[in-house]
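As a plain string of letters, each chain reads:
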Amino acid sequence: MLGFLVRAMGRAGMVKSSSLVRPVAVTKVPGRYLAHQESLPKLPVPPLQQTCERYLRALEPIVEEEDLQHTRQLLEEFQTGGVGERLQKSLERKARKTDNWLSDWWLQVAYLDYRMPVIVHSSPGVVLPRMEFNDRQGQMRFAAKLISGVLDFKTMIDNETLPVEHLGGQKLCMNQYYRVLSSCRIPGLKSDTVVNYSQDRRAPTHVTVVHNFQFFVLDVYNSDGTPLTVDQIYIQLEKIWNSSLQTNKEPIGILTTQDRNTWGKAYNNLIKDRVNKESVRAIQKSICTVCLDAPMPRASDDMYRSRAAVQMLHGGGSRWNSGNRWFDKTIQFIIGEDGSCGLIYEHAPAEGPPIVKLIDHVVEYMGTSEMVRTPMVPLPMPKKLRFNITPEIKKDIEDAKQSLNILVHDLDVRVIVFPHFGKNVPKSHKMSPDAFIQVALQLAYYRMYKVCCATYESASLRMFRLGRTDTIRSATIDSAAFAKAMDSPTVQNMEKVNLLEKAVKAHRAYTDMAIRGQAIDRHLLGLKLTAIEDLTSLPDIFMDTSYAKAQHYNLSTSQVPAKTDCVMCFGPVVPDGYGVCYNPMDEHINFAVSAFNSCAETDASRLAQSLEQALVDIRDLLDQTPKAKL
Ligand code: COA
Ligand code: HC5
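Residues numbered from 1 in each chain as written. Chains lettered and ligands numbered in written order. Predicted model: local features only at pLDDT ≥ 70, side-chain atom pairs only at ≥ 80, totals over all residues. Heavy atoms only, no water.

Peer 1: Help me get a handle on the overall build of the protein, residues and values and all.
Peer 2: On a plain count of helices and strands, the protein comes out with 20 helices and 18 strands. Buried residues in the protein amount to 60% of all 630 residues. Relative to all contacts within the protein whose residues are 6 or more apart in sequence, the contacts with residues 24 or more apart total 76%. When the accessible surface of the protein is summed, it comes to about 25500 Å², and 53% of that surface belongs to carbon and sulfur atoms. Looking at the protein, you have 75 positive and 70 negative side-chain charges, and the mean spots of the two groups are 6 Å apart. (Helix = DSSP H or I, 4+ residues; strand = E, 2+ residues; numbered from the N terminus. Buried < 20%, exposed > 50% of the residue type's maximum accessible area, 1.4 Å probe, protein only. Contact = heavy atoms within 4.5 Å. Areas by Shrake-Rupley, 256 points an atom, 1.4 Å probe, with all protein chains shown as cover. Lys, Arg positive; Asp, Glu negative; His and termini not counted. Charge placed at Lys NZ, Arg CZ, Asp CG, Glu CD.)

Okay, here's the thing in structure tokens:
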């Protein structure tokens, strides 16, 4: 069974007409998606020497001179001794033979082989602006409209009418859009899999709704294939609500918060029972999950978004809403009775931007669509999913609760709406807003720690067929020079501005190189994985102190722009690190900073404040330095 799923996932990484979503009562435009995909270039393998040189340059601001010397030597041997060349040739062969030499590897290494819990460690959350409603009618009306909006978006996927996205003037790969609905991660004992049912001949026509830890199958299409109206969905949601009033149910979904090996074992035990297996399958197959949450812990207006962020990331713990989820599900919309709303998504099938596009569409749809009364044909009661809880399963749930609550207490998230400016100010100074924010973050970190750290920023590789991401290393020689100079009383403002401009330009140049497939990190990963496949031992460059330091991202960051005024968040990737996600709007910036409470050296609120201060100080520096002199 697992073998089959692994193969099925392998297929998911290829562009074939069979991987297209089957439409439901829509006009299909044959081959449009396929033709687009085939027009995209293949991900290149960068030249070996270029990567080695750029790697050394990237190490410079984050490692000691002594370590750098050693690495220089190792890289020299790697290039001249034949090993590097051999691995490079092998990688180039793979690139010729596959649609994308990286994508299957990346899915496996970055996600499916990763054994930490998906919550906090992998799945990002999105917080939407707080809604007006404050009762269950409002909650369900909102949920009904939201589901209707998701179906509207799904129609565009099904009939291949989603507009092709662009970045830097280039068309982007659209494959990820076909992977986010009707899909789910499945835990394994050593490695996970992802299933996608959207291409099945009988594609799923239901969403999973969870309320009071009880799961329901809500059919969202009529028998003629037309989607239910908002009114119809609302009535069905009411039925679900009324038949799940008991609050003493076993929170079966909590199992999905466990580390993957433990969950894999519990999963095999859970699905031994036929009823349980069918219920789990119904969740996995569903288009998406909608979680109707109980209120979350109260928070002041100032802290609302920070509270909501953790509500999205883990549900608040076993006493709150964590049992009201199935965290393996690719998309789960979360709607609280108190007007809180957002989503969490399981990261393996897709990056943030397609998810955010979906949100933008749904939000726009909800703003325009009215509740139209439709002639009511009585619809059957949504099916409740049953679980038989054996003592062993009960024990697994109790164990999961314990681990979950430890993780919940450990995570600290601070959301800031930076009010002073957005993309407008950097643009008016002819600077890339993203580079501006990243340089400010380098300054913020430097001010706190007096050193630079390995910094990760996601860069999209979607210019290439089946592209996912590469790394922009935001700690550059130039950002370090600027951070050091900014607070130095001996450096003139003019010089500071020069250094700032240089740092911003260097960041933008790194970005351009990354999105064009010429960054270093995925190339180095490819060489390493090739070595694991082809050689008997790992080359020294991968066992080096510098390499370990370069992979230890104390700052893990990502920009995910959205039209909606929302904030995205994710956890740190190392125990002593930060997760920083931001959505720069025209005149303000939403950002979330996360850290672990168990680490004495990190503090999410402090870094968030330091970032605010750095942004303001840089703006002031630019304002104080007359333009004519620049
Ligand atoms: N002067 C004036 N304006 C400028 C400028 C300059 N020197 N440089 C850029 N701008 C403008 C751009 O034209 C753009 O305009 P718009 O707001 O009208 O679109 C805007 O500023 C933003 O550009 P910039 O801040 O440089 O960033 P970007 O949009 O090119 O994004 C990345 C940079 C790295 C975020 C992007 O390349 C990327 O890879 N995105 C995907 C990241 C991702 O996948 N994240 C999620 C991972 S799950
Ligand atoms: C809804 C916002 C999601 C952002 C998620 C994101 O940036 O994920 C990164 C994916 C990648 O391949 O770079 C990983 N990261 C969270 C560790 C930065």
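Peer 1: Explain the site of ligand 1 to me, using residue names and the numbers behind them.
Peer 2: The environment of ligand 1 is formed by 23 residues, the closest being Lys427, Ser432, Asp434, Ser460 and Arg508. The separation between an oxygen atom of ligand 1 and a polar side-chain atom of Ser432 is 2.7 Å. Between Ser460 and ligand 1, the recorded distance is 2.8 Å, taken from a backbone N or O atom to an oxygen atom. For ligand 1, whose free accessible area comes to 960 Å², the fraction covered by protein is 70%. For the shell around ligand 1, the secondary structure elements donating two or more residues are helix H12 (352-368), helix H15 (433-449), strand E13 (455-460), helix H17 (493-515) and strand E15 (555-559). When grouped by side-chain class, the residues that make up the shell around ligand 1 number eight nonpolar, eight polar and seven charged. (Near = heavy atom within 4 Å. Polar contact = N/O pair within 3.5 Å; in protein donor to acceptor, adjacent residues only side chain to side chain. Nonpolar A, V, L, I, M, F, W, Y, C, P; charged D, E, K, R; others polar.)

Peer 1: A description of the site of ligand 2 should follow, citing residues and the corresponding values.
Peer 2: Near ligand 2 there are 18 residues, and of these His347, Tyr456, Ser458, Thr469 and Ser558 occur at the shortest range. In this structure, an oxygen atom belonging to ligand 2 sits 2.5 Å away from a side-chain N or O atom of Tyr456. At 2.7 Å, a side-chain N or O of Ser558 approaches an oxygen atom of ligand 2. If ligand 2 stood free it would expose 470 Å²; the protein chains cover 92% of that surface. Mapped by element, the contributors of at least two residues to the shell around ligand 2 are helix H6 (103-112), E13 and E15.

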